[in-house]
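# Observations on the model geometry
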Amino acid sequence: MSYITKSPWVIHYDGSSCNGCDIEVLACLMPMYDVERFGVINTGNPKHADVFLVTGSINEQNKNVVKQIYEQMPEPKVVVAIGICACNGGIFKECYNILGGVDTVIPVDAYVPGCAARPEAIIDAVVAGLGILEQKRAAMLEAPKAAPAVEEPAAEEAEEAEEAAAEAEEAPVEEAAEEAAEEGKEEA
Amino acid sequence: MVKVIICVIAYLVLAPFVGGILAGLDRKISARMQGRVGPPILQPFYDVLKLTEKENITVNRVQDFYVMCFFIFVLVTGGLFFAGENLLLVMFTLTLASVFLIIAAFSSNSPYSEVGAERELLQMLAYEPMVLITCVGFYMFTGSFQVGQIMLSTQMPLPYLIGLFIGFVFILTIKFRKSPFDLSMSHHAHQELVAGLKTEFSGKTLALVEAAHWYENVFLLGMVFLFFVNGQWWGYVIGAVVCLGTYFLEILIDNSFARMKWQVAINSAWIVALVLGTVNLFMLLFI
Ligand code: SF4
């Protein structure tokens, strides 16, 4: 097993979020949930980060910022879109300057719907992301071994595998989040 | 000679384990002080091993070279110390190591790491006088700068060097990069300088920096230990206990203070060096 799943360092970027999801992300780091138990550190530095948490939708102003942060992160890395805004634009979708969810600019590995996403759902998504991180790590180790001619298909395969994994992982997270949302409604 | 070689090899092999576990304890105790559960004790090892698994991104080639020099010279520092060499040489080697780290940070041309490097220079300015005065104190007490000779002393230096001890523990806060004075970079997340000095280091380079800090911390605790040697076993026991106590004190300070400005760091460190250090040296002259 690689150590990457034991110490996922995260970087959190606030797109055009309403701050609801940001507070939930930070709640994960607080004593109540204390994700540092699993080695998660909020780095604030893309060069040290393994997991990119994005809240809020993408607009004309921040699309380059998101792209740049993503590019500065060393491989292997995963992206988690937190909140329905980050998934597809959410309630801001129709706004004149909103491009949509995070996946309009960078590939996303896990989605956490919900408005705001619950800390439990966020933690679930990061854990799901760790599985993908592990696969990416394995793919990274394989890549240099392959001859240059077959490199591309190999990379594609890896990507496909990632996508498949992402899809497979998404489902439980979404369910969990929906359940959480429903619970929230009931409580309200 | 054989003993010296054993000491040096023991340091080179064991120091990362001791340093890593101390770092793990640090994080665990800090978490408990903040009402959290905290990461496993072995977390720092996981972190460093993970960093070695990451893709290598370097801003330029010289940066890796300088970081490597930093790592090697930290090892040389500790090696010389545990070989019983000259205390002044040891301290100057440590300064050289820090200079390499600063150059590495400057070489990246990133504003964050540059400001971090500038602050690191200021920190060096703050702690160097006290470090040198401590060395001189040991010389005045034992008549030798050789660590090997100081280890042979039959009298515990602490009662005679108490001022120097307090002063040295004071600057340890700077050297351990603990809170009121963690200006150049912090072990904790999120600060105004991103990650300060180490902003541009990633992957294996960052792993080297972390490992070097473990070596450095063990060496610094060795300096604390030196205040307690009296040639008897109970002196060694007291020394080891006080080392752990000092480390705990630093964690406590770390968690109970907010960061201060660099002016405070320099002023307070120099005042401590001037008052406690020189007064103690004069006392030694007249005893
Ligand atoms: S999903 Fe809801 S809570 Fe989260 S940023 Fe969007 S509007 Fe705010």
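Everything here concerns the structure above.
Conventions used here
Residues numbered from 1 in each chain as written. Chains lettered and ligands numbered in written order. Predicted model: local features only at pLDDT ≥ 70, side-chain atom pairs only at ≥ 80, totals over all residues. Heavy atoms only, no water. Helix = DSSP H or I, 4+ residues; strand = E, 2+ residues; numbered from the N terminus. Buried < 20%, exposed > 50% of the residue type's maximum accessible area, 1.4 Å probe, protein only. Areas by Shrake-Rupley, 256 points an atom, 1.4 Å probe, with all protein chains shown as cover. Patch = residues over 30% accessible without salt bridge, like charges linked within 9 Å, V, L, I, M, F, W, Y side chains within 5 Å. Salt bridge = Lys/Arg side-chain N within 4 Å of Asp/Glu carboxyl O. Near = heavy atom within 4 Å. Nonpolar A, V, L, I, M, F, W, Y, C, P; charged D, E, K, R; others polar. Expected span 1.5 Å × (residues − 1). Polar contact = N/O pair within 3.5 Å; in protein donor to acceptor, adjacent residues only side chain to side chain. Core = buried A, V, L, I, M, F, W, Y, C linked by side-chain atoms within 4.5 Å. Contact = heavy atoms within 4.5 Å.

## Regarding the overall build of chain A
What chain A contains, in helices and strands, is five helices and seven strands. Element order for chain A, N to C, with α for helix and β for strand: β-α-β-β-β-α-β-α-β-β-α-α. Across the 188 residues of chain A, 50% fall into the buried class. Of the roughly 9,000 Å² of accessible surface on chain A, 54% is carried by carbon and sulfur atoms.

## Examining a nonpolar patch on the surface
A cluster of nonpolar side chains, namely Met-1, Ile-5, Ile-9, Leu-12, Val-13, Leu-14, Phe-17 and Val-18 of chain B, defines an oily patch on the protein surface of about 770 Å² accessible area. With respect to the helices and strands, the residue Met-1 of chain B is situated in the segment before helix 1 (2-33).

## Details of the site of the ligand
All names here are of chain A. All residues in the neighbourhood of the ligand are listed as Ser-17, Cys-18, Gly-20, Cys-21, Gly-83, Ile-84, Cys-85, Gly-114, Cys-115 and Ala-116. When contributions to the shell around the ligand are tallied by element, the ones reaching two or more residues are helix 1 (20-29) and helix 3 (84-88). Considering only residue class, the shell around the ligand consists of six nonpolar, four polar and no charged.

## Looking at helix 4 (residues 87-107) of chain B
All names here are of chain B. Between its first and last C-alpha, helix 4 extends 30 Å over 21 residues, near the 30 Å set by a 1.5 Å rise per residue. One side-chain oxygen at the N-terminal end of helix 4 lies 2.9 Å from the backbone nitrogen of Leu-88; it belongs to Asn-86. Once helix 4 ends, the next one or two residues include Asn-109, with phi positive near 65 degrees.

## What to know about the nonpolar core
Ranked by size, the top nonpolar core spans 81 residues in total, and within it Leu-87, Phe-168, Phe-219, Met-223 and Phe-227 of chain B carry the most contacts. For this core, the leading source of residues is helix 8 (residues 203-226) of chain B, giving 14 residues. If we skip the residues at most four places from it in the chain, Met-223 of chain B touches Phe-81, Leu-87, Met-91, Thr-134, Phe-138 and Phe-168 of chain B. Of all hydrophobic cores here, the second largest spans 24 residues; its members include Cys-28, Ala-121, Ile-123 and Leu-130 of chain A.

Geometry only, nothing functional implied.
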